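What the coordinates show
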Amino acid sequence: MQHSDKPVALMAKAPLERILPFSQVVRHATGDIVCSLEQLTEFAFLVLSGKCQETLNPPNESPRVLKTFERGEPIQNGVLGEPEADQIAIIAAEDSTVLRIRHSDLEGLGVDSSLNTTTVTGSGIPVSECLSSRENSANGRLLTLAFLSTNPPSEAIGESLAHAIHNETGESVALVCLTASNAGSPNGEREPNVTLGQHGWQQNIFKGGNGFNVVHIGVPVESITDGDIDELTSMLRRRFPWVLMACAAPELPSGLVMDFITRSDKSFLLLQRTPDDKLRHELLMRYLRSRFNGHVHDRIKTVLCLGDGEMVGDFDEQVEEAGTPIHTYLHGSPISSAAFQKDIRRMARDITGRLVGLALASGGAKGFAHIGVLQVLEENGIEVDIVAGSSMGAYVGSIWAHGASGAEMERLAHEMEGRWAIWSLIDPAFPPRRGFLRGVAVKHRLMRTIGESHFGDLVRPMRVVATNLETLERVVFTRGTVADAVHASIAVPGICVPVHVGDDTLADGGIVDPLPVDVLLEAGARRIIAVNTIPTPERIRQSMTKQRARARENRPRRRERSNKIMPFDKHLNYFARGNILEILMRSFLGVQTRMAETSSLRANVVLCPEIEDNRWVDFRNPDKYIRAGRSIALKHLDEIKSLVNENGVSHEVEQSKEPMVAVG
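Residues numbered from 1 in each chain as written. Predicted model: local features only at pLDDT ≥ 70, side-chain atom pairs only at ≥ 80, totals over all residues. Heavy atoms only, no water.

Secondary structure summary: the chain contains 22 helices and 25 strands in total. Counting over 664 residues, the chain shows a buried share of 53%. Here the analysis covers contacts within the chain between residues at least 6 apart in sequence; of these, 79% occur between residues at least 24 apart. In the form shown here, the chain has an accessible surface area of approximately 29900 Å², with 49% of it arising from carbon and sulfur atoms. (Helix = DSSP H or I, 4+ residues; strand = E, 2+ residues; numbered from the N terminus. Buried < 20%, exposed > 50% of the residue type's maximum accessible area, 1.4 Å probe, protein only. Contact = heavy atoms within 4.5 Å. Areas by Shrake-Rupley, 256 points an atom, 1.4 Å probe, with all protein chains shown as cover.)

Put into structure tokens, the structure is as follows:
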């Protein structure tokens with residue numbers, strides 16, 4: 001299998017203008033496989049920018065670097081034919097651009113020393129010009145959908161995703177359904193339109209199509225070559241801005257599936273909640289880590305497909321134990337489920353960089369303002385793709401993510417208006433060594449609405465933020481039971497007993513991230529609305545001045561005399577102004593204010609409800625906070641609509657004909 005080094009040497013000395021018409025220029029992200037040793041027998045490779053490495057990837061061992069190729073150096077290897085050659089690959093050590101040309105084409109150029117050639121690094125043609133001359137004609141995004149079982153309707157899911165991407169971008173999308181074939185005999189249910197590698201196959205694909213084009217391609221698994229795959233993917237990238245390659249992994253050789261995954265900008269592994277799919281996923285991810293030198297999290301995403309009414313249970317936790325978290329969920333049937341259509345639109349927005357996120361701040365009773373904001377979003381048909389919340393923001397956000405409407409959430413808030421309602425949330429810890437309240441009563445109240453739902457069961461993706469008290473790190477919950485996560489997120493230090501989850505001791509998420517904008521950015525959201533209910537010192541000062549003026553005007557003299565004689569509020573109510581718990585909370589608030597202002601700078605639209613009362617425990621008066629949330633959302637409604645409809649793509653669903661609530 002040893003190849004001659006002469007063509008490689010010629011490539012390093014030939015002028016780029018001679019080579020480019022016969023070559024292909026490809027960008028590789030860090031960790032991408034540039035080529036295998038087998039491909040070096042057919043092609044010559046030259047590093048135009050970045051750095052590549054030859055790595056040995058033995059089973060159950062860490063990869064080892066054998067050789068490094070810098071800018072301007074041809075990629076060569078001297079161990080072809082050795083027993084470990086199948087464990088060797090050329091990897092992009094950093095973002096790199098590589099030129100590839102067949103040995104036969106390079107030799108046919110007839111390059112010799114009399115041409116007065118220069119090296120590539122000294123060529124008069126800039127690399128940027130090289131890229132614009134070749135790569136811009138093949139700049140489409142290639143996505144692979146690998147179905148780990150034959151049960152999910154791969155074509156129906158692929159068509160739904162293709163439609164959604166087209167609707168989001170207005171650009172043309174190609175859906176390629178791959179089926180195995182031997183000697184032209186298809187192994188799938190539908191006859192392929194063409195068979196890859198057959199004469200003239202390029203002219204027989206893609207005729208028409210409703211914003212997207214679909215073709216079934218038979219793959220002759222016994223005779224397919226890397227050159228055939230490269231020709232197919234390059235042609236598709238040149239013709240379409242978006243290309244989806246759908247393949248049922250059990251019906252195709254695993255090596256072939258890997259070939260498409262390694263050539264893709266991003267790949268999705270779709271599995272069902274079955275032991276067989278879990279095992280396939282674990283084995284596939286183990287192999288991909290070795291192929292990608294460990295760089296798989298950004299490029300390979302796991303999608304869990306759930307049937308109508310199917311709950312995720314602890315399956316998400318089992319999958320994550322294998323080292324790869326579930327990225328998104330598809331609920332219900334692609335034929336009839338409204339939940340599936342929402343999920344697939346969300347997946348398309350994630351792929352195209354249009355994901356809309358909503359960050360809900362901590363703030364105690366002031367968090368009721370989140371309800372008013374959510375009502376305005378619903379009334380105007382503005383769909384949010386993902387929610388993140390800390391403390392009270394996590395509590396409110398989890399109920400909305402579970403599927404409750406803004407009107408239902410207002411009804412739940414009004415249940416706290418009774419004189420003794422707040423006492424239903426008081427569950428004293430005895431002795432109060434680590435906190436005065438256990439917080440279990442609040443968790444049980446939440447469970448009256450959302451039950452024991454896991455994150456994968458929610459109508460909208462949700463992120464809940466807590467704090468690891470031992471390491472002071474931010475903890476972001478994306479799996480497990482939602483109520484347990486919220487219980488940790490609302491455990492205000494000094495007031496509530498910290499919550500134990502596994503080996504970790506957790507407390508209020510507002511300690512480290514009171515307004516979790518960064519959490520949304522890390523989850524892929526690029527259009528972020530932040531609701532900041534944490535008042536600034538200036539607003540607190542104005543509020544206190546107004547409150548004191550009203551108190552002097554309206555305080556009954558009889559009550560004033562009784563408070564002087566028997567000051568029950570001062571001595572018995574630990575939450576009263578000036579008492580220990582209120583002092584703790586105000587100290588906590590002072591730290592949060594700066595952090596929330598910093599987080600707000602990274603959001604696209606920031607809503608700061610104008611709340612005069614700065615007390616965090618005023619749960620008996622939800623209406624004034626809900627009104628403040630509605631008011632600020634209506635004030636910035638045009639700005640919000642402009643954000644979510646950027647580039648002329650509407651993310652609005654059908655609007656309500658009547659307002660959902662009327663707050664007096």
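Resuming the write-up.
In the structure shown here, the tally under the stated rule is 25 salt bridges. Arg474 is the partner of Glu522 in a salt bridge, and the nearest nitrogen-oxygen pair spans 2.7 Å. Taken together, the residues span a long stretch of sequence, with Glu522 in helix H16 (residues 517-522) and Arg474 in strand E21 (residues 474-477) at a distance of 48 residues. Relative accessible area serves as the criterion here: at 58%, Glu522 is assigned to the exposed category. (Salt bridge = Lys/Arg side-chain N within 4 Å of Asp/Glu carboxyl O.)

Next up on the list: unusual backbone geometry. Among all residues except glycine, the phi angle is most often negative; among peptide bonds, the trans geometry is most common. Look at the link from Phe430 to Pro431: it is a cis peptide, with omega at -5°. As for its position among the elements, Pro431 is in the loop between helix H13 (406-414) and helix H14 (440-450). Of note in this structure, Ser391 is not a glycine but carries a positive phi near 55°. With respect to the helices and strands, the residue Ser391 is situated in the loop between strand E19 (386-390) and helix H12 (392-402). For Ser391, a relative accessible area of 9% gives the class buried. Phi at Leu472 is positive, roughly 65°, even though this residue is not glycine. Assignment of secondary structure puts Leu472 in the loop between strand E20 (462-468) and E21. With relative accessibility at 56%, the residue Leu472 sits in the exposed group.

Now for the sheet that holds strand E2 (residues 33-36). The four strands lie next to each other as E2-E7-E4-E5, forming an open sheet whose pairing is antiparallel. Edge positions in the sheet fall to E2 and strand E5 (64-69), since each of these pairs with one other strand and no more. Each adjacent strand pair in this sheet contributes to an overall mean axis angle of 25°, direction not counted. (Pairing = 2+ DSSP bridges. Axes fitted to C-alpha atoms, helices over the stretch in contact; angles between N-to-C directions.)

In this section: the packing of aromatic side chains. The full count for this structure, using the stated rule, is two aromatic pairs. Measuring from centroid to centroid gives 6.3 Å for Phe43 and Phe45, while their planes differ by 55°, and the two rings are tilted. Across the pair, Phe45 and Phe43 agree in class, each one buried. Taking the centre distance of 5.9 Å and the plane angle of 85° together, the rings of Phe368 and Phe619 count as edge-to-face. Linking Phe368 in the loop between strand E18 (356-360) and helix H11 (369-379) with Phe619 in the loop between strand E25 (605-607) and helix H21 (622-635), this pair joins segments that are 251 residues apart in sequence. Its relative accessible area of 15% is what places Phe619 among the buried residues. Against the face of Phe43 rests Arg100, its NZ or CZ located 4.6 Å from the ring centre. Arg460 extends its terminal NZ or CZ atom over the ring of Trp400, reaching a point 3.8 Å from the ring centre. (Phe/Tyr/Trp six-rings, centres within 6.5 Å; stacked < 30°, edge-to-face > 60°. Lys NZ or Arg CZ within 6 Å of the ring centre and 35° of its normal.)

Here we take up the packing of H12 against H14. In the contact formed by H12 and H14, the axes pass within 10 Å of each other and the chain directions differ by 15°. Considering the angle they form, H12 stands roughly parallel to H14. Handedness of the H12/H14 crossing: right-handed. Residues Tyr395, Ser398, Ile399 and His402 of H12 form the contact with H14, whose own contacting residues are Val442, Arg445, Leu446, Thr449 and Ile450. (Parallel < 35°, antiparallel > 145°, perpendicular 65-115°, else oblique. Left-handed = near helix turned anticlockwise from the far one by under 90°.)

Core analysis: the largest hydrophobic core is formed by 68 residues, its most contacted members being Leu358 and Leu607. Of the residues forming this core, the biggest block, seven residues, is contributed by H12. Those residues in contact with Leu607 that lie beyond four places of it in its chain are Val373, Ile529, Ala530, Val531, Asn532, Ile632, Ala633, His636 and Ile640. (Core = buried A, V, L, I, M, F, W, Y, C linked by side-chain atoms within 4.5 Å.)

Another aspect to go through is the sheet that holds strand E3 (residues 43-49). Here four strands make up an open sheet; going across it, the order is E1-E8-E3-E6 and the pairing antiparallel. Pairing within the sheet leaves two strands with one partner each, and these edge strands are strand E1 (23-28) and strand E6 (74-75).

Let us now look at the pairing of E3. Counted residue by residue, E3 has six buried out of seven residues, so it is predominantly covered. As defined by bridge partners, E3 adjoins strand E8 (residues 96-102) across six bridges and the pair is classed as antiparallel. By the bridge assignment for E8, Phe45 is matched with Arg100. Note that E3 and E6 share two bridges and pair antiparallel. Paired with Leu46 across the bridge in E6 is Pro74.

As a further point, take H21. Between its first and last C-alpha, H21 extends 20 Å over 14 residues, near the 20 Å set by a 1.5 Å rise per residue. Within H21 the residues assigned to the buried category are Pro622, Tyr625, Ile626, Ala628, Gly629, Arg630, Ile632 and Ala633. In this structure, the buried side of H21 is in contact with H11, H13, E25 and helix H22 (637-644). (Expected span 1.5 Å × (residues − 1).)

The complete set of buried residues in H14 reads Ala441, Val442, Lys443, Arg445, Leu446 and Ile450. In the core, the buried residues of H14 are packed alongside H12, H13 and helix H15 (482-489). Looking one or two residues past H14, Gly451 carries a phi angle of roughly 65°, positive in sign.

Together, Glu70, Glu73, Glu94 and Asp95 give the surface a local cluster of negative charge. Looking at the secondary structure, you find Glu70 in the loop between E5 and E6. Note on Glu70: relative accessible area 38%, which makes it partly exposed. (Patch = residues over 30% accessible without salt bridge, like charges linked within 9 Å, V, L, I, M, F, W, Y side chains within 5 Å. Lys, Arg positive; Asp, Glu negative; His and termini not counted. Charge placed at Lys NZ, Arg CZ, Asp CG, Glu CD.)

Let us now look at the pairing of strand E9 (residues 141-147). Counting buried residues in E9 gives six out of seven residues, a clear majority hidden from the surface. By the bridge criterion, seven bridges tie E9 to strand E14 (residues 242-248) in an arrangement that is parallel. Residue Leu143 lies in a different strand from E14, and its bridge partner there is Leu244.

Mapped onto the fold, Asn532 is located in the loop between strand E24 (527-531) and helix H17 (537-554). Spatially, the C-alpha atom of Asn532 lies 5.0 Å from that of Cys608, the residues being 76 residues apart in sequence. Setting aside residues no more than four positions away along its own chain, Asn532 makes contact with Ala361, Leu515, Ala596, Ser600, Leu607, Cys608 and Pro609. Here Ile534 takes part through its backbone nitrogen, which lies 3.1 Å from a polar atom of the side chain of Asn532. (Polar contact = N/O pair within 3.5 Å; in protein donor to acceptor, adjacent residues only side chain to side chain.)

Close contact between H14 and H15 brings their axes to 9 Å; oriented N to C, the two are set at 145°. As for the relative orientation of H14 and H15, their crossing is right-handed in sense. Where H14 abuts H15, its residues Val440, Lys443, Leu446, Met447 and Ile450 lie against Val482, Ala483, Asp484, Val486 and His487. Per-class residue counts for the contact of H14 with H15 are seven nonpolar, one polar and two charged. (Nonpolar A, V, L, I, M, F, W, Y, C, P; charged D, E, K, R; others polar.)

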